[in-house]
Amino acid sequence: MALSTSAPNRGPDPAPPPSPAPAPARPRPAAGLRARLFRWDQKAAPYAFVAPFFAFFAAFGLFPLLYTAYVSLHRVELQTSDQMEWLGLRNYTRLIEDPFFWNALRNTFTIGVLSTVPQLLMALGLAHLLNYRLRGRTFFRVAMLMPYATSVAAATLVFAQLFGRDYGLINWLLGTVGISPVDWQANTVASQIGVSAVVTWRWTGYNALIYLAGMQSIPGELYESAAMDGASRWQQFLHVTVPGLRPTILFTVVVSTIGATQLFGEPLLYEGSAAGGVSHQYQTLGLYMYEQGWGFFHLGRAAAIAWVMFLLIVVLVAVNAAIARRRSRTEG
């Protein structure tokens, strides 16, 4: 009889004791610091990108503006610019008492109107023509920028020759129709028209391209609906194009107003004198400031004129914005 070699049945083996849970891993200090730096970089990156602009603006924009205001409260001569004498508001009160200041202010307003109004009207008309499909319209669009790209000195000298009293082309054309020659540099109205002509010629094409870009953003469905209602092209221009260009027109009016207030190069080179003609008949605020600072060496008074021009621009821009806001409220 064979003996059984199998092991006796002792039941299931007991379960092994549970192993202890691993301790949570502590974050390494370097990894935590790196994560914090990454989050800080994400928050600070936008400010780092715009910081150069604010640095340059503070150095070349804000500081000169504030320093000019400081200089305007002192008597400062160009030869001894390191010596300042406190005057308070005396430089500003002298401007109010100076008839040449009011003459320059009046000339600035007159030349600004004579140049801005025809300029923007012609730019609007040219942009309306270029908005249609014309042959060679790309050439005409590029040609619109040629006057803007031309040097101020070159353009003004050419126009000064055109408006010459004895040998100018304009007087020759007037003589062919029986009109006697006009002194475009000594006559007040004629000289202001001559300066305005230079400004109008240089900036009309630039504003026309701005208007053209605004016209191309107007939906074509509006023109199609107006045409289906029987509106002519002129009616489409008045009731579709002009309302759609209202923000663009406001922008060009504001920019042209600022440019007219700062007008300097054209009247200076028209005759080559900071006096703006023999009787100051087209002296602008820019020329008046230049004459006081670099002609008579009164830097304090020139700084006061600069600040008056700055405040005048702020007021004019605010008036334009208020008129536009009131009109949009009325139409809304």
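Colleague: Outline the packing of helix α3 (residues 99-130) against helix α8 (residues 188-216), listing residues and values.
Modeller: Interhelical geometry of α3 versus α8 gives an angle of 40° and a closest axis separation of 6 Å. Read as a crossing pair, α3 and α8 show a hand that is right-handed. Here the residues of the contact of α3 with α8 are counted per class, giving 17 nonpolar, 10 polar and no charged.

Colleague: I'd love a proper account of the environment of P219, names of residues and values included.
Modeller: By the secondary structure assignment, P219 is in the loop between α8 and α9 (220-228). In sequence terms P219 and G244 are 25 residues apart; their C-alpha atoms lie 9.3 Å from each other.

Colleague: I'd like to hear about the packing of helix α6 (residues 152-162) against α8, residue by residue, with values.
Modeller: For the pair α6 and α8, interaxial distance at closest approach is 10 Å and the crossing angle is 130°. If you check the angle between α6 and α8, you find them oblique. For α6 against α8, the interelement crossing comes out right-handed. Every residue of α8 that contacts α6 at V152, A155, T156 and F159 is listed here: A197, V198, W201 and R202. For the contact of α6 with α8, a count of residues per class yields six nonpolar, one polar and one charged.

Colleague: Outline the nonpolar core, listing residues and values.
Modeller: In terms of nonpolar packing, the biggest core is built from 12 residues, these being L120, A123, L124, A127, L130, M144, A208, Y211, L212, M215, F237 and L245. Those elements that place two or more of their residues in this core are α3 and α8. Top contributing element to this core by residue count: α3, with five residues. Apart from residues lying up to four places away in sequence, L245 is in contact with L124, Y211, G214 and M215.

Colleague: Talk me through the packing of aromatic side chains; I want residue IDs and the actual numbers.
Modeller: Summed over all chains, the structure comprises 19 aromatic pairs. Ring geometry for F56 and F60: centres 6.0 Å apart, planes at 20°, overall stacked. Placement of the pair is F56 and F60 together in helix α1 (residues 29-71), with a separation of four residues, close to one helical turn. For the pair F56 and F60, a shared accessibility class is recorded, and that class is exposed. Measuring from ring centre to ring centre gives 6.1 Å for Y290 and W294, while their planes differ by 15°; the resulting arrangement is stacked. Placement of the pair is Y290 and W294 together in helix α13 (residues 285-295), with a separation of four residues, close to one helical turn. For Y290, a relative accessible area of 34% gives the class partly exposed. An aromatic cluster of three or more residues is present, and its members are F159, F163, W184 and W201.

Rules behind the numbers
Residues numbered from 1 in each chain as written. Predicted model: local features only at pLDDT ≥ 70, side-chain atom pairs only at ≥ 80, totals over all residues. Heavy atoms only, no water. Axes fitted to C-alpha atoms, helices over the stretch in contact; angles between N-to-C directions. Helix = DSSP H or I, 4+ residues; strand = E, 2+ residues; numbered from the N terminus. Left-handed = near helix turned anticlockwise from the far one by under 90°. Nonpolar A, V, L, I, M, F, W, Y, C, P; charged D, E, K, R; others polar. Parallel < 35°, antiparallel > 145°, perpendicular 65-115°, else oblique. Contact = heavy atoms within 4.5 Å. Core = buried A, V, L, I, M, F, W, Y, C linked by side-chain atoms within 4.5 Å. Buried < 20%, exposed > 50% of the residue type's maximum accessible area, 1.4 Å probe, protein only. Phe/Tyr/Trp six-rings, centres within 6.5 Å; stacked < 30°, edge-to-face > 60°.

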